[in-house]
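Summary of the model geometry
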Amino acid sequence: MNTKAITSYTFLVVCLATVVIAQEQNNHKRETVRNGIPINEIRYYRKMFRANEEPVDMVEGTKMMCAPPLSVYGPHYDPGVVYYINEIAREGIKAYSEDKLFPVGSIIVKEKQERRTEDSVLIITVMRKVQPGRSEDSWEYKMYDTKKWVEIDFSKQQANPFNRTCIECHRRYRNNDYVSDKGIALLLK
C-alpha cells in the first residue's frame, strides 16, 4: 500500500470512530436525562443539602391519597419526610423572602421514609424549576422508585383512582412558588 492510501484509510477510520463515539455519547445523554432531570443528579440526592435533620410528619392528606379504597393509610403507616435541595435552590432561598420565587434549576427532593429510617426509603419525589416566574408550568414533578431507580408514573397507579397529578395539590401553594407550606417552613429555617 502506498502512503496516500494508508493516510486516506486512517482518516476514514478516525472519522468513523468519531461518529460512533458521538452517537454513544448522545445515547448516554438520553439515558441519563429524563424530561430534563438528570437521573445521576437525583440518584445521589443525599449529597445535596439536607434541610431537616430529623424526618417530619407526612401531611395527612398525602397519606390518604396513596391509600386504596376502604383503607386509611395504605403503605404509609408511620412515614417521615426529609427534604434535600441542590445548591441552586439553597442559594435561591436567600432571595426567596423578597420575591417568593425559586431560580430556574432549583431541585427539591422529598425523601419519603416508610418507618422514619434512612433504609426504609422506597420513593422520592422531585421538583425541578424549569421556567422563570410563577406558573403551573414553572416546575417539573417526578416520582422515583429508589430500589430500581425508575420513574413512577403516578397517574397509572392503582392507589390513584382519580388520576391525580402533583400539580393538583401543589397549585394551592402558588404563593410559595408551588412549594408546600411545610416545605417552605423547613427550607427557610
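From a predicted model like this one, the values you see are computed outputs, not experimental measurements.

Rules used throughout
- Residues numbered from 1 in each chain as written.
- Predicted model: local features only at pLDDT ≥ 70, side-chain atom pairs only at ≥ 80, totals over all residues.
- Heavy atoms only, no water.
- Helix = DSSP H or I, 4+ residues; strand = E, 2+ residues; numbered from the N terminus.
- Expected span 1.5 Å × (residues − 1).
- Bend = angle between axes of the 7 residues up to and from the residue.
- Contact = heavy atoms within 4.5 Å.
- Core = buried A, V, L, I, M, F, W, Y, C linked by side-chain atoms within 4.5 Å.
- Buried < 20%, exposed > 50% of the residue type's maximum accessible area, 1.4 Å probe, protein only.
- Disulfide = S-S within 2.5 Å.
- Phe/Tyr/Trp six-rings, centres within 6.5 Å; stacked < 30°, edge-to-face > 60°.
- Lys NZ or Arg CZ within 6 Å of the ring centre and 35° of its normal.
- pLDDT = per-residue confidence, 0-100.
- Salt bridge = Lys/Arg side-chain N within 4 Å of Asp/Glu carboxyl O.

**Looking at helix α4 (residues 87–99)**
With 13 residues, α4 should cover 18 Å at 1.5 Å per step; its first-to-last C-alpha distance of 18 Å lies within 8% of that length. Of all bends in α4, the biggest is about 45°, found at Ile-93. On its buried face, α4 sits against β5 (80–85), β6 (107–113) and α6 (181–187). Positive phi appears at Lys-100, one or two residues downstream of α4, with a value of about 55°.

**Points about the nonpolar core**
In this structure, Phe-102, Ile-108, Trp-139, Val-179 and Leu-187 are the most contacted members of the largest nonpolar core, which totals 20 residues. When contributions to this core are tallied by element, the ones reaching two or more residues are β5, α4, β8 (139–145) and α6. If we skip the residues at most four places from it in the chain, Phe-102 touches Ala-89, Ile-93, Tyr-96, Ile-108, Lys-129, Trp-139, Asn-176, Asp-177, Val-179, Ile-184 and Leu-187. By size, the runner-up hydrophobic cluster in this structure holds 14 residues, among which are Val-82, Val-126, Tyr-144 and Trp-149.

**Quick word on the state of the cysteines**
Counted according to the given criterion, the structure contains 0 disulfides. Here Cys-166 is not cross-linked by a disulfide; its sulfur's nearest cysteine counterpart is in Cys-169, at 8.1 Å.

**Some remarks on the packing of aromatic side chains**
According to the stated counting rule, one finds 4 aromatic pairs in the structure shown. For the pair Tyr-96 and Phe-102, a centre-to-centre distance of 5.1 Å together with 40° between the ring planes defines the contact as tilted. Grouping residues by exposure puts Tyr-96 and Phe-102 together as buried. Note on Phe-102 and Trp-139: the rings are 5.7 Å apart at their centroids and 75° apart in plane angle, and the pair reads as edge-to-face. Here Phe-102 is found in the loop between α4 and β6, whereas its partner Trp-139 is found in strand β8, with 37 residues between them in sequence. Classification of Phe-102 as buried rests on a relative accessible area of 4%. We classify Trp-139 as buried; its relative accessible area is 4%. Through successive ring pairs, a cluster of aromatic residues spans Tyr-96, Phe-102 and Trp-139. The positively charged end of Lys-47 is found above the aromatic ring belonging to Tyr-44, 5.3 Å away from the centroid.

**With respect to the confidence of the model for the protein chain**
Across the protein chain, the average pLDDT comes to 77, with 66% of residues at or above 70. Taking the mean pLDDT of every element in the protein chain, the minimum, 41, falls on strand β1 (residues 33–34) and the maximum, 95, on strand β3 (residues 49–50). Here residues 26–34 scores under 50 on pLDDT; set against residues more than four positions off or in separate chains, the count is 10 contacts.

**Observations concerning the environment of Ile-42**
Within the fold, Ile-42 resides in helix α2 (residues 39–43). By relative accessible area, which is 1% here, Ile-42 ends up buried. Residues Ile-42 and Asn-86 lie 44 residues apart in sequence; the distance between their C-alpha atoms is 9.7 Å. Apart from the residues within four sequence positions on either side, Ile-42 is in contact with Ile-37, Ile-107, Ile-124, Val-126, Tyr-144 and Trp-149.

**What about the side chain of Ser-138?**
Turning to its location among the elements, Ser-138 is positioned in the loop between β7 (121–129) and β8. Assessed through its relative accessible area of 0%, Ser-138 is described here as buried. Those residues within four positions of Ser-138 in sequence are excluded, and the remaining contacts are Arg-128, Lys-129, Val-130, Gln-131, Gly-133, Asp-177 and Tyr-178.

**Remarks on the pattern of salt bridges**
Applying the stated rule across the entire model yields 8 salt bridges. Note that Arg-46 is salt-bridged to Glu-118, the shortest N-O span being 3.9 Å. In this pair, Arg-46 is assigned in the loop between α2 and β3 and Glu-118 in the loop between β6 and β7, connecting sequence segments 72 residues apart. A relative accessible area of 42% places Glu-118 in the partly exposed class. We note a salt bridge from Glu-136 to Arg-171, for which the minimum N-O separation is 2.9 Å. Of this pair, Glu-136 sits in the loop between β7 and β8 while Arg-171 is found in the loop between α5 (166–170) and α6, placing the two residues 35 residues apart along the sequence. Here the residues in one salt-bridge network are Arg-46, Arg-50, Glu-111 and Glu-118, joined through shared partners.

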